[in-house]
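For reference, the chains in residue letters:
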Amino acid sequence: MRVVALEEHFTTPELGAPRAGVAGRGEEVAARLLDVGEGRLEAMDAAGIDLQVLSSTAPATQHLPPAASVDASRRLNDQLAEVVAAHPDRFAGFASLPTPAPEEAGKELVRCVEELGFVGAMVHGHTQGRFLDDPGFAPILAAAEDLGVPLYLHPTLPPPAVRDAYYAGLPEAVAATLAGPGWGWHAETALHVLRMVVGGVFDRHPRLQLIVGHMGENLPFSLARADATLSPVATHLARRVADYVHEHLWVTMSAYFTLPPFECARSVIGIDRMLFSVDYPFADPLAGRRFLDGLPVPPADREKLAHGNAERLLRLPLP
Ligand code: GRE
Ligand code: ZN
């Protein structure tokens, strides 16, 4: 069975490695993020992963001043294009975008798809406290829509005001993890998606498709509640809140390798919009592969999760 993994991170010496949420494994994770060659391919082979769609680790270039972000994004995307070109059967690319400069970011996405052959872009949450429903980001959303490629909305650490309000007074490593993979950035990614919905993004960009990881960032679990409470007050929207989620959201597994959230996402989002991912190197590819192989689903559904839905969404060449 072909296996395509969608949330697989790398970094470069220029970009550096994240420190939050990698307690005790910082050096190992950093080394794995930097390795876009033999070590990574060995880890993929050991888990039977045929193709990684590579993305830079958070926050990529989104924390930089606009002009610096534009330059750094171009360098980063050019480097990723070289990695993909060296192993086109094993790697594909999601662009990193200079979101602090939205017009330039839209153009960079066009360049990445049309010239470098990338299959979409990853956006790491807020950009210095601004969210994608902000009309200033329209050039990015319009470019994705016109190109017919998805945006992958990935978590990132919160803006300082959120950090200070919610995480002050805790031991530093606990605060950083609670704000990150321990809870906070998953909740905030779901909130970001709902902001996009109630902000009218999908009325303005009806063809935009959005991917989130971590089995839907808790959205499947709480969608009925969000729909019941928000739809009656969001009277400016053309549709109900849940309709936008059903028609614009795709969900990958990334490190959520337990059955209850899978069953919830399958029942709410549906098997046709769910995809395999590991969240390498933060999660273990072998654990991901065991989870995929052990899922209590019909063989045809396992094929959709492993590669079929990815081939359709990303228009991947078939092997
Ligand atoms: C990530 O996916 O970007 C990530 C981190 C740090 C810890 C866990 C994690 O950057 O999934
Ligand atoms: Zn990730």
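Rules of the game
- Residues numbered from 1 in each chain as written.
- Chains lettered and ligands numbered in written order.
- Predicted model: local features only at pLDDT ≥ 70, side-chain atom pairs only at ≥ 80, totals over all residues.
- Heavy atoms only, no water.
- pLDDT = per-residue confidence, 0-100.
- Buried < 20%, exposed > 50% of the residue type's maximum accessible area, 1.4 Å probe, protein only.
- Helix = DSSP H or I, 4+ residues; strand = E, 2+ residues; numbered from the N terminus.
- Pairing = 2+ DSSP bridges.
- Right-handed = clockwise from strand over helix to strand, strands pointing away.
- Donors = N, O, S within 2.8 Å, 3.2 Å for Na, K, Ca; no water.
- 1 Å grid on protein atoms, 1.4 Å probe; cavity = no way out; pocket = protein on both sides within 12 Å on 5 of 7 lines; lining within 4 Å.
- Points joined across faces, edges and corners; volume = space filled by probe spheres on them.
- Nonpolar A, V, L, I, M, F, W, Y, C, P; charged D, E, K, R; others polar.
- Axes fitted to C-alpha atoms, helices over the stretch in contact; angles between N-to-C directions.
- Parallel < 35°, antiparallel > 145°, perpendicular 65-115°, else oblique.
- Left-handed = near helix turned anticlockwise from the far one by under 90°.
- Contact = heavy atoms within 4.5 Å.
- Patch = residues over 30% accessible without salt bridge, like charges linked within 9 Å, V, L, I, M, F, W, Y side chains within 5 Å.
- Areas by Shrake-Rupley, 256 points an atom, 1.4 Å probe, with all protein chains shown as cover.
- Salt bridge = Lys/Arg side-chain N within 4 Å of Asp/Glu carboxyl O.
- Phe/Tyr/Trp six-rings, centres within 6.5 Å; stacked < 30°, edge-to-face > 60°.

As named in an unreviewed UniProt entry, the protein chain is Amidohydrolase family protein, taken from Aciditerrimonas ferrireducens.

A. Spotlight on the confidence of the model for the protein chain. With 100% of its residues at a pLDDT of 70 or more, the protein chain shows a mean pLDDT of 97. The ipTM for the predicted assembly is 0.96, set against a pTM of 0.98.

B. The arrangement of the pairing of strand E2 (residues 51-56) in detail. Judged by how many residues are buried, E2 sits mostly within the fold: 6 of 6 residues are covered. Going residue by residue along E2, you find Leu51, Val53 and Ser55 tucked away on one face and Gln52, Leu54 and Ser56 tucked away on the opposite face as well. Relative to E2, strand E1 (residues 4-10) runs parallel, the two being bridged by 5 bridges. Bridge pairing in E2 places His9 opposite Ser55. Between the parallel elements E2 and strand E3 (residues 91-93), the chain passes through helix H3 (residues 66-86) in a crossover that is right-handed.

C. Local environment of the coordination of the zinc ion (ligand 2). Taken together, the protein ligands of the zinc ion (ligand 2) are Glu7 (OE), His9 (NE2), His154 (NE2) and Asp279 (OD), with distances of 2.0 to 2.2 Å. Counting the intervening residues between successive donors of the zinc ion (ligand 2) yields the motif E-x1-H-x144-H-x124-D. Residue His154 is found in strand E6 (residues 151-154), and its partner Asp279 is found in the loop between strand E9 (274-275) and helix H14 (285-294); the two are separated by 125 residues along the sequence. Each of the two residues, His154 as well as Asp279, counts as buried.

D. Quick look at the layout of surface pockets. Taken as a whole, the largest pocket holds about 1,100 Å³ of empty space. As for the largest pocket, its lining consists of 50 residues, of which Pro18, Arg19, Ala20, Leu157 and Trp185 are closest to the centre. Elements with a contribution of two residues or more to the lining of the largest pocket: E1, helix H6 (160-167), helix H7 (172-179) and helix H8 (184-198). Sorting elements by how many residues they give to the lining of the largest pocket places H7 first, with 6 residues. Its residues placed into classes, the lining of the largest pocket shows 28 nonpolar, 14 polar and 8 charged. Roughly 320 Å³ of internal volume is contained in the second largest pocket. Taken together, 20 residues make up the lining of the second largest pocket; nearest its centre are Phe131, Val162, Ala187, Glu188 and Leu191. Mapped by element, the contributors of at least two residues to the lining of the second largest pocket are H6 and H8.

E. Structural context of the packing of helix H2 (residues 38-47) against H14. Packing of H2 against H14 leaves a shortest axis separation of 8 Å and a crossing angle of 25 degrees. One way to sum up the angle between H2 and H14 is to call them roughly parallel. H2 and H14 meet at a crossing whose hand is right-handed. Of H14, the residues touching H2 (which contributes Ala43, Ala46 and Ala47) are Pro285, Leu286 and Arg289. Of the residues assigned to the contact of H2 with H14, the class counts are 5 nonpolar, no polar and 1 charged.

F. Summary view of a nonpolar patch on the surface. A cluster of nonpolar side chains, contributed by Leu170, Val174, Leu178 and Trp183, occupies part of the molecular surface with about 380 Å² of accessible area. Structurally, Leu178 can be placed in helix H7. The class for Leu178 is partly exposed, based on a relative accessible area of 36%.

G. Molecular detail of empty space enclosed by the protein. Counted by the stated rule, this structure contains 1 cavity of 30 Å³ or more. The volume enclosed by the largest cavity comes to roughly 40 Å³. If you go around the largest cavity, the residues you meet are Thr12, Glu14, Leu15, Thr61, Ala72, Arg75, Leu76 and Gln79. Of the residues contributing to the lining of the largest cavity, the split by class is 3 nonpolar, 3 polar and 2 charged.

H. Structural view of the packing of aromatic side chains. Throughout the structure, instances matching the rule amount to 4 aromatic pairs. Look at Tyr166 and Tyr167: their rings are 6.1 Å apart centre to centre, the planes differ by 45 degrees, and that puts the pair in the tilted class. By relative accessible area, which is 11% here, Tyr167 ends up buried. With a centroid separation of 6.2 Å and 85 degrees between ring planes, the pair formed by Phe262 and Phe291 is classed as edge-to-face. One end of the pair, Phe262, is in helix H13 (residues 259-268); the other, Phe291, is in helix H14, and 29 residues separate them in sequence. Judged on exposure class, the residue Phe262 and its partner Phe291 are both buried. Three or more aromatic residues joined by ring pairs form one cluster here, namely Phe257, Phe262 and Phe291.

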